[in-house]
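Spelled out from the first residue to the last, the chains are:
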Amino acid sequence: MARRGALVRWFEDVRRDDVASVGGKNASLGEMTAKLRDAGIAVPGGFATTAAAYRQVLREAGLDDAMREQLEALERDPEALPKVGAALRKLVREAPLPKALEAEVREAYAELSRRYEVEAADVAVRSSATAEDLPEASFAGQQETFLNVRGADAVLAAVRRCMASLFTDRAIAYRDRHGFDHLSVALSVGVQKMVRSDMAGAGVAFTLDPETGFPRVVVINAAFGLGESVVSGQVDPDQYVVFRPLLGQARPIVDKRRGGKEIRVDYGEGGEGRETVTLEVPEGERLRWVLSDDEILTLATWCERIEAHYGRPMDIEWAKDGESGELFIVQARPETVQRGRNPTSLESFRLEGEGERLVTGLAIGQGIAAGPVCVLGSAAEGAAFPEGGVLVTAMTDPDWVPVMRRAAAIVTDHGGRTSHAAIVSRELGVPAVIGAGDATATLRSGDEVTVSCAEGDAGYVYRGRLAWRQEAISLEDLPETRTRLMMNLATPDAAFRWWRLPARGVGLARMEFILSDAIRVHPMALLRPEQVEDAAARREIEALTAGYEDKAEYFVERLAFGIARIAAALHPEPVVVRTSDFKTNEYAQLLGGRAFEPREENPMLGFRGASRYYSPRYRDAFALECRALRRVREEMGLANVVVMIPFCRTLEEADRVLEIMAEQGLRRGERGLEVFVMAEIPSNILLTEGFAERFDGFSIGSNDLTQLTLGVDRDSAELKHVFDERNPAVKALVADLIRRAHAAGRKVGICGQAPSDYPDFAAFLVEEGIDSISLNPDSLVRTLHTVAEAEARLKPS
Ligand code: PEP
Ligand code: MG
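Residues numbered from 1 in each chain as written. Chains lettered and ligands numbered in written order. Predicted model: local features only at pLDDT ≥ 70, side-chain atom pairs only at ≥ 80, totals over all residues. Heavy atoms only, no water.

### Details of the site of ligand 1
What surrounds ligand 1 is a group of 13 residues, the closest being R510, R578, G701, N703 and R714. For ligand 1, an oxygen atom lies 2.7 Å from a polar atom in the backbone of N703. Within the contact set of ligand 1, an oxygen atom lies 3.0 Å away from a backbone nitrogen or oxygen of D704. Mapped by element, the contributors of at least two residues to the shell around ligand 1 are β24 (506-510) and α24 (702-710). Element by element, the count of residues in the shell around ligand 1 is highest for α24, at 3 residues. Of the residues in the shell around ligand 1, the class split is 3 nonpolar, 4 polar and 6 charged. (Near = heavy atom within 4 Å. Polar contact = N/O pair within 3.5 Å; in protein donor to acceptor, adjacent residues only side chain to side chain. Helix = DSSP H or I, 4+ residues; strand = E, 2+ residues; numbered from the N terminus. Nonpolar A, V, L, I, M, F, W, Y, C, P; charged D, E, K, R; others polar.)

If you want it as structure tokens, here you go:
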């Protein structure tokens, strides 16, 4: 029976504005229990002791004077913190619980057990601190939690310890730093039915991308065992990304990355809880995903509803019960890092120097910093840390924050995107490379290094101080243009990074980058592994494809996720994905590639582009590319993907490729599929009308077009002075294409480098009436102004 008490309150009787009474954590559990159950969201049941209960404990035990005395001692001598903290905790822990409170807790616990039809429910006992006059203040992570507590006596003991944990050294120091009065804070204790995630898994979810603030995804982290491992960053979790706008219409899981998941946190021995143990996860087990696709989609839908209910981005903890197989939400709070960030400019970093990569991990933030390495074993060694140093350590917890504040960059061996190290670095704006595995062993104190988080998802530590460029791109007063400005996106990892730019689609996503970054194996080597003779390559291919029954599925899945991230970043605007266009020497670099690629004298003029797709040497691999494109468009629902064929030399080639695509289920015109062709060989322009009959649009590849018009190897250093897209011959072809394609009812865009580099070339394109210009993200805003000016000049006055 639910009841409302001054000392104990059931979650269902608590609302979000009860923070002063039950703290933020419990108020939010109450709000969700009461308001979101009807939306299908499961929250484990429970109750909370109130701030009034805490105050009554202090009052009835007459602790006021003794506590004041301790705090005065601390004021006189800040060094006395450990002694004062211990004394304060002892005072609270040993204070007898008022009879009424004890009775209410016992009764509520018995009722909770009855509700779950067990004799003694296993519960989590958690602290939720609150400040009288500042209920919004966040004291997250400062006080204690006890897991798997069973029996009324054990619950009461845990309640007392939680109250005492309001005076952990860390919490005292935090309040001192932020000017909170130690005696006007209070502690509410939440007692919540445990979810048996020890038998399944748990983790964290955000209703935006915590790295870039991209708001249209839910990002879920998941590990086996208790969620503590994810929150504290002990484990490298699975990560799933769900594209929110298509939830309910398709299956929009746009990325899944398998975490290392070497360990899991489990219940320890003994009923009082608190003790948890860290166990190793067997190797075979680590390859399993923690959640199924259905569960990922359910959880994402719940997160979406939670955000809608609170009206702001949320940071959510979830757990899966291994006994019942059910999912639960165990916590939800506003996301704090990205919220409130509404930059009027975008900071863009680019590494200019080249150097040796010493360490690789997850990139947190997008910055670059350099400094001397300082490897530390514990936060207690913090005094030795030099201002502006690069902090290198196994992992961090709240005790590390003062050191982290002084660091130019942070590198840790362990942790995922939601670990303590990641959250704090992001908040401090310090670039961090997290989960780097062996950083503490590889990097030596005193060595100068450069830490770069500006290269997508992966972060790198380079030897020495390298040069980099930092730019602020203003997002204010952006003009509207008739010409559609799009972006060229290289790696899927960086796709969400530029979402604030005013791009109206992606004009070129080069599939090769996904192959080399996210797949790394030659597709034919996955289809015919027995033909790979290089033993080292075979071993690596085995390792990369472990957990996949079918190696071809590894290729299709990784490729589909890569494409999907890019397509999601700009959805519903068009995203033009070009089928693979490596040269033979580049394909040969992929694992197992040598066995399948001919050696060519002139790869640039060789077996590339459309010619590959119908050749027996590559045709089956092209079919895999088509399968991935279909999956993205049809299963994930990202129908904004346009397919583009590169380096298509003749009309006959065009026909053959389109036929193969149709056989693979990618038929032009069906399900809204558009197919473009690159205009990058003079033949594409000389035969504009023929290509226009076969394709829905053209995209000018000015790099190849210049090379082939002027007969200059685009990579030749010797001939650099001759290679210029602004040569009248190239411009004549471009102008001709635009005119004739328009006459044939086809649109023309450009995705070569020229307009990103030369504003005058961008202006020329506008004058010729080009429909779209696709640019490097960091030159988009600048070119937008150039284009607007060129358009204004064209207007009849
Ligand atoms: C081009 O040739 O201009 C182009 C965009 O393609 P790539 O640079 O990939 O050859
Ligand atoms: Mg090209």
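### Re the coordination of the magnesium ion (ligand 2)
With distances of 2.1 Å, the protein atoms coordinating the magnesium ion (ligand 2) are E680 (OE) and D704 (OD). One end of the pair, E680, is in the loop between β27 (675-679) and α22 (682-686); the other, D704, is in helix α24, and 24 residues separate them in sequence. A residue is classified by how much of its surface remains accessible, and D704, at 2% relative accessible area, is buried. (Donors = N, O, S within 2.8 Å, 3.2 Å for Na, K, Ca; no water. Buried < 20%, exposed > 50% of the residue type's maximum accessible area, 1.4 Å probe, protein only.)

### Side note on the pairing of strand β17 (residues 390-393)
Remark: a regular strand shows side chains that alternate across the two faces of the sheet. Here β17 shows two buried faces, one formed by V390 and V392 and the other by L391 and T393. Examined bridge by bridge, strand β16 (residues 368-375) and β17 share 3 bridges and lie parallel to one another. When the sheet's bridge partners are listed, C374 is paired in β17 with L391. Relative to strand β18 (residues 409-412), β17 runs parallel, the two sharing 4 bridges. Following the sheet pairing, T393 is matched in β18 by T412. Read from β17 through helix α11 (residues 401-406) to β18, the crossover connection turns out right-handed. (Pairing = 2+ DSSP bridges. Right-handed = clockwise from strand over helix to strand, strands pointing away.)

### Some details on the pattern of salt bridges
According to the stated counting rule, one finds 59 salt bridges in the structure shown. Here R578 makes a salt bridge to E512, at a shortest N to O gap of 3.1 Å. A residue pair is termed long-range when its members are at least 10 positions apart, and R578 in strand β25 (residues 575-578) and E512 in helix α14 (residues 511-519) qualify at 66 residues. Both residues of the pair, R578 and E512, belong to the buried class. Between D724 and R726 there is a salt bridge, and its shortest N-O distance comes to 3.1 Å. Overall, the relative accessible area of 22% leaves D724 in the partly exposed class. Linked by salt bridges that have partners in common, E512, R578, D581, R608, D704 and R714 make up one network. (Salt bridge = Lys/Arg side-chain N within 4 Å of Asp/Glu carboxyl O.)

### Re the packing of α14 against helix α17 (residues 551-570)
Any two packed helices are characterised by how steeply their axes cross, that is the angle between the axes, and by the distance between the axes. The N-to-C vectors of α14 and α17 enclose an angle of 120 degrees; their axes lie 10 Å apart at closest approach. It follows that α14 is oblique to α17 by the angle criterion. The interaxial crossing formed by α14 with α17 has right-handed handedness. Judged by residue contacts, M511, I514, L515, A518 and I519 of α14 engage Y554, F555, R558, L559, G562 and I563 from α17. The class makeup of the residues in the contact of α14 with α17 is 9 nonpolar, 1 polar and 1 charged. (Axes fitted to C-alpha atoms, helices over the stretch in contact; angles between N-to-C directions. Parallel < 35°, antiparallel > 145°, perpendicular 65-115°, else oblique. Left-handed = near helix turned anticlockwise from the far one by under 90°. Contact = heavy atoms within 4.5 Å.)

### A word on the side chain of T450
Topologically, T450 is positioned in strand β20 (residues 448-452). Classification of T450 by relative accessible area gives buried; the value is 0%. At 2.6 Å, the side chain of T450 forms a polar contact with the backbone oxygen of G464. Sequence-distant contacts of T450, defined by excluding residues within four places in its chain, comprise L351, I368, A369, A370, Y460, V461, Y462, G464, R465, L466 and W468.

### A few points about unusual backbone geometry
Cis peptide bonds are those with omega within 30 degrees of zero, and the linkage from H571 to P572 qualifies with 5 degrees. Along the polypeptide, P572 turns up in the loop between α17 and β25. A positive phi angle, close to 55 degrees, is found at N148, a residue other than glycine. Topologically, N148 is positioned in strand β4 (residues 145-150). By relative accessible area, N148 is classed as buried at 12%. Its identity as a non-glycine residue notwithstanding, K261 has a phi of 45 degrees, on the positive side.

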